[in-house]
Amino acid sequence: MITINGTLSRITFQNPENHYTVCRVAVPKVADAITVVGHLPGVAQGERLKLKGTWISHPKYGEQFKAASFEITLPSSMSGIRKYLSSGIIPGINQELADRIVDTFGEQTLEIIENEPDRLLDVYGIGKIKQKMIETAWNAHHSVRRVMDMLQGTNIDSAKAAAILKTYGDRALEVLTEDTFRIARDIPAIGFAVVDELARALGTEKEAEERLKACLVCRLLDLEQDGHMFEQKEDLIRACAQRAGVSAELLSDALGSLNADNEVMIEKDRVYLAPLHKAEAGISRRIKALLSMPAPDFHLDNDLINAQVLSAMAVQLSREQMDVLTRIMGQKISIITGGPGTGKTTLIKALCVVFRMLRLKVMLAAPTGRAARRLTEVTGRAAKTLHKLLGFNPDTETFEYDFTNPLDLDLLVVDEASMVDTQLMYRVSEALPAGAGLILVGDTFQLPSVGPGNVLSDIIDSAQVAVFALTRIFRQARKSPIVMHAHSIRNGQMPDIKSAPADQPSQFYFIEAGTPARVAETICELCAIRIPKAFPHIRETQVLTPMHRGEAGTISLNQRLQAVLNDTPGGIESHGHTFKTGDKVMHLKNNYDKEVFNGDIGRVIEADKSTGQVLVDYEDRTVAYDLPELDELTLAYAISVHKSQGSEYDAVIIALTTAHFPLLQRNLLYTAMTRGKCLVIIVGSTRAFKTAFDNNRTALRRSGLKERLEENL
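Given the structure is predicted, the values throughout are model-derived calculations rather than measurements.

Student: Let's hear about the sheet that holds strand S23 (residues 613–617): which residues, and what values?
Tutor: Spatial ordering of the open sheet is given by S24-S23-S22-S21-S25, a layout of 5 strands whose pairing is antiparallel. The sheet is open, and its two borders are formed by strand S24 (622–626) and strand S25 (633–635), each paired with just one other strand. Between one strand and the next, the sheet's axes are offset by a mean angle of 40°, whatever the strand orientation. As paired strands, S23 and S24 are joined by 5 bridges and run antiparallel to one another. Counted as the bridge partner of aspartate 617 is threonine 622 from S24.

Given below as structure tokens:
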């Protein structure tokens, strides 16, 4: 770490949400001010800073100092204090008043304002109102400094400190000193170990119950991030005993206290966080309740169904599709599965036609914005995200529709159901009216949901719900090497990935590239030159990669692809990205005010540095982002395979190297390949491909939903 001392001369940009700052700092004996980037909460122009960090090289802006931590250094000399107080940092103190304050208290001025502000009344011209105004302004500005001072010497860097300040605001210091372990629960990304170090430094005893309870809860939160619903009691206590360095008996007592407080639920030696237990048990209860209701009894002639479908869709259903359609109409809950090219979407459209003929109210939904829009496009019927369907309120984090206020529908069809986690499925099941039907459509061979649980697979494996697996690959789909290779992988058969014909264009290619650097170079060449030349009809090419870091990860690939695909000058910098007109970008978190959602991809149509505003076209509408909102955007020339789930693209390029080893699995490979509609190109090593194919040991998620559906736990 390098240490730099200087005076903050200008703040170029600061995000009020996370305090990410770009500023200029004047350093003694250095002619030009240096550019500093990093999370710098509470800094103001004119303040002296002690910065620790490293030098980095920005491709456009050159050398910058990336601050990992900082201190605000208050002046100690009388002249320095006069200059500091009159700088405007503390509103209400001008040059004349600053002189009078310093003349009264001398070098103790700042210490007195900090610790004995009532003594300001001794200064000529300061009454009670003025004194209170100065005290309030000082505390407002220096509350952040006090937090940062407290965190110096800990493993809580400025980025984590910014997260603490954002979460707790002016109560941050109080939480840090009086309820330290709350931070580990509220902000899991900081982690137990870091918070524990701080708490121990503040005097928390090793065997303190609040420490042991926090250790247990944080372990369960870590497991939730990995997709697990619970942990075995014995394994939880063993892991936490090792982490906390205390006896298993003490941890068992702490776990009992958590259980008594209903923060965790213990069931058959399975320890759940209370919200996850409620969700899992709730899904089981609602599914059983729906299945206990009388099944619909529709008597429709197959010829009539065929005629209606043919008239509405100009499609003749296959025997398999017709069989599924007629049988599914007699079910309260059913699941449709199948690989690419098996007609799942056609079947959904046909079901909508038939239920409309029966004058039943059908709603379509999907877990993500892109998946919902794709469902709308392929069915010709409006589809919503599940959050929008359920009336989610982001301010209160509540849902409008639930058990007491159910949805007004006869049938709900949820596409891409493998992406729905336990807590969201619980909300869906709670909002279904007792007389309604539910159809889940998905492919269990794809990646599981990002959130905890394995809902679709658990429901299927329970054998309590009717499952209809489409297996017939339609003739047109059989001509596609994308579809056929995907089915080979799905069925555990190694595809011949190097069989592309040499004399004519193909839909599938494998390009050998032995190193991550060569992979990145080849991908840039494909996007910029080879695909546009060989496949001029391709409108959208999406690069997919398993990881974010490394030369073949999303971060590096996005920088390189932006350089070769977008030479537009200018742009607006934010969080290490430069957004320019023409850039392909992705929205990162649900924004219900803007009606743009996590995973939505658009194009920048304007990046105005003078106004600090970026305009993004999301196909059907334009969304404006001000500077503080740019942390909701990232470049999207390359995205992770997980982010692509639920979407389809004209062409897909998949980066696959042995550097991605931790994530190389068969379901990841299958998910990536099935994103491409017209063209799939894998760039990487044969060894990496074989590693992914051979690894069918998908990490088993600990979930009790299957057993709950089979019996009452």
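Student: So what's going on with the sheet that holds strand S18 (residues 541–545)? Which residues, and what values?
Tutor: In spatial order, the strands read S17-S28-S27-S18-S26; together these 5 strands make up an open sheet with parallel pairing. Either end of the sheet is taken by a strand with one partner, and the two such strands are strand S17 (508–512) and strand S26 (638–640). Averaged over neighbouring strand pairs, the angle between their axes works out to 25° when direction is ignored. Bridge count between S18 and S26: 3 bridges; the pairing is parallel. Residue pairing for S26: threonine 545 is matched across the bridge by serine 640.

Student: Give a description of the environment of arginine 238 that names residues and reports values.
Tutor: By secondary structure assignment, the location of arginine 238 is in helix H10 (residues 233–244). Assessed through its relative accessible area of 46%, arginine 238 is described here as partly exposed. The sequence separation of arginine 238 and cysteine 524 amounts to 286 residues, and the corresponding C-alpha distance is 49 Å. A polar contact is formed between the side chain of arginine 238 and the side chain of aspartate 235, at a distance of 2.8 Å.

Student: Before we move on, could you go through the domain arrangement of the protein chain and cite the residues and values that matter?
Tutor: Domain boundaries assigned for the protein chain yield domain 1 (1–36 + 43–70), domain 2 (74–152), domain 3 (158–271), domain 4 (278–475) and domain 5 (480–577 + 633–697). Using only C-alpha atoms to locate each centre, domain 1 and domain 5 end up separated by 37 Å. Of the residues lining the interface, 8 residues belong to domain 1; the matching set on domain 5 comes to 6 residues. Of the roughly 580 Å² buried at the junction of domain 1 and domain 5 (both faces included), carbon and sulfur atoms supply 44%. Counting across the interface, domain 1 meets domain 5 through 0 salt bridges. At the boundary of domain 1 and domain 5, one finds 0 residue pairs in polar contact (both at pLDDT 80 or more). Split by residue class, the side of domain 1 that touches domain 5 holds 3 nonpolar, 4 polar and 1 charged.

Student: Describe the side chain of threonine 379, naming the residues involved and giving the relevant values.
Tutor: Along the chain, the position of threonine 379 falls in helix H16 (residues 369–379). Here the side chain of threonine 379 touches leucine 375 through a polar contact of 2.6 Å, landing on its backbone oxygen. Of note is the side chain of threonine 379, whose polar atom sits 3.2 Å from the backbone nitrogen of arginine 381. If we skip the residues at most four places from it in the chain, threonine 379 touches Ile348, Lys349 and Leu364.

Student: Help me get a handle on the pattern of salt bridges, residues and values and all.
Tutor: A complete count under the given rule lists 32 salt bridges for this structure. In this structure, the salt-bridge partner of aspartate 186 is arginine 182, at a minimum N-O distance of 2.9 Å. Placement of the pair is aspartate 186 and arginine 182 together in helix H7 (residues 182–186), with a separation of 4 residues, close to one helical turn. Connected through shared salt-bridge partners, Arg82, Asp99 and Asp103 make up one network.

Student: Can you break down helix H25 (residues 666–673) residue by residue, with the values?
Tutor: Buried residues dominate H25, accounting for 8 of its 8 residues. The set of residues buried in H25 consists of Arg666, Asn667, Leu668, Leu669, Tyr670, Thr671, Ala672 and Met673.

Student: Describe the packing of helix H9 (residues 209–225) against H10, naming the residues involved and giving the relevant values.
Tutor: Where H9 contacts H10, the two axes come as close as 10 Å, and the packing angle between them is 120°. One way to sum up the angle between H9 and H10 is to call them oblique. For the pair H9 and H10, the sense of crossing is right-handed. Where H9 approaches H10, its residues Arg211, Leu212, Cys215, Leu216, Cys218, Arg219, Leu220 and Asp222 are matched on the opposing element by Leu236, Ala239, Cys240, Arg243 and Ala244. A class-by-class count of the residues in the contact of H9 with H10 yields 9 nonpolar, no polar and 4 charged.

Student: Could you give an account of unusual backbone geometry, with specific residues and numbers?
Tutor: Backbone geometry at aspartate 269 places phi at a positive 65°, although glycine is not the residue there. Following the sequence through the fold, aspartate 269 ends up in the loop between strand S7 (264–267) and strand S8 (270–273). The backbone phi angle of alanine 463 is positive, close to 60°, even though this residue is not glycine. In this structure alanine 463 comes out as exposed when scored by relative accessible area, which is 60%.

Student: With reference to specific residues and values, describe a negative patch on the surface.
Tutor: Taken together, the side chains of Glu178, Asp179, Glu209, Glu210, Glu249 and Asp253 make up a negatively charged region of the molecular surface. Counting only elements with at least two residues in the negative patch, the list comes to H9 and helix H11 (248–260).

Student: Describe the nonpolar core, listing the residues and the values that go with them.
Tutor: Nonpolar side chains in soluble globular proteins generally cluster together in the buried interior. Among the nonpolar cores identified, the biggest contains 64 residues, and Val36, Leu51, Ile164 and Ile183 are the most heavily contacted of them. Ranked by residues supplied to this core, first place goes to H9 with 9 residues. If sequence neighbours within four positions are ignored, isoleucine 164 has contacts with Ile156, Gly169, Ala172, Leu176, Ile183, Ile187 and Ile190. Counting residues in each nonpolar core, the second largest holds 37 residues, with Ile531, Val543, Ala552 and Leu633 among its members.

Student: Outline the side chain of arginine 270, supporting the account with residue identities and numerical values.
Tutor: Checked against the element boundaries, arginine 270 lands in strand S8. Since its relative accessible area comes to 15%, arginine 270 is described here as buried. Engagement of the side chain of arginine 270 in a polar contact is seen with the side chain of glutamate 707, the distance being 3.4 Å.

Student: Describe the packing of aromatic side chains, listing the residues and the values that go with them.
Tutor: Within a pair of aromatic rings, the relevant descriptors are the distance that separates the centres and the angle that separates the planes. One pass over the full model with this rule turns up 7 aromatic pairs. With a centroid separation of 5.4 Å and 75° between ring planes, the pair formed by tryptophan 55 and phenylalanine 65 is classed as edge-to-face. Placement of the pair is tryptophan 55 in strand S4 (residues 48–58) and phenylalanine 65 in strand S5 (residues 62–73), with a sequence separation of 10 residues. Under the relative-accessibility criterion, tryptophan 55 is labelled partly exposed at 38%. A residue is classified by how much of its surface remains accessible, and phenylalanine 65, at 0% relative accessible area, is buried. Seen from the ring of phenylalanine 693, arginine 666 lies directly overhead, with NZ or CZ sitting 4.5 Å from the centre.

Student: Residues and numbers for the packing of helix H22 (residues 516–534) against helix H23 (residues 554–565), please.
Tutor: H23 packs onto H22 with a crossing angle of 35° between their chain directions and a minimal axis gap of 10 Å. When you trace H22 past H23, the crossing you get is right-handed. Between H22 and H23, the residues in contact are Ala517, Ala520, Glu521, Ile523, Cys524, Cys527 and Ala528 and Leu557, Arg560, Leu561, Val564 and Leu565, respectively. Tallied by class, the residues present in the contact of H22 with H23 amount to 10 nonpolar, no polar and 2 charged.

Reading the values: rules and limits
Residues numbered from 1 in each chain as written. Predicted model: local features only at pLDDT ≥ 70, side-chain atom pairs only at ≥ 80, totals over all residues. Heavy atoms only, no water. Pairing = 2+ DSSP bridges. Helix = DSSP H or I, 4+ residues; strand = E, 2+ residues; numbered from the N terminus. Axes fitted to C-alpha atoms, helices over the stretch in contact; angles between N-to-C directions. Buried < 20%, exposed > 50% of the residue type's maximum accessible area, 1.4 Å probe, protein only. Polar contact = N/O pair within 3.5 Å; in protein donor to acceptor, adjacent residues only side chain to side chain. Domains from an automatic or database assignment. Contact = heavy atoms within 4.5 Å. Buried area = accessible area lost by both parts, 1.4 Å probe. Salt bridge = Lys/Arg side-chain N within 4 Å of Asp/Glu carboxyl O. Nonpolar A, V, L, I, M, F, W, Y, C, P; charged D, E, K, R; others polar. Parallel < 35°, antiparallel > 145°, perpendicular 65-115°, else oblique. Left-handed = near helix turned anticlockwise from the far one by under 90°. Patch = residues over 30% accessible without salt bridge, like charges linked within 9 Å, V, L, I, M, F, W, Y side chains within 5 Å. Areas by Shrake-Rupley, 256 points an atom, 1.4 Å probe, with all protein chains shown as cover. Lys, Arg positive; Asp, Glu negative; His and termini not counted. Charge placed at Lys NZ, Arg CZ, Asp CG, Glu CD. Core = buried A, V, L, I, M, F, W, Y, C linked by side-chain atoms within 4.5 Å. Phe/Tyr/Trp six-rings, centres within 6.5 Å; stacked < 30°, edge-to-face > 60°. Lys NZ or Arg CZ within 6 Å of the ring centre and 35° of its normal.

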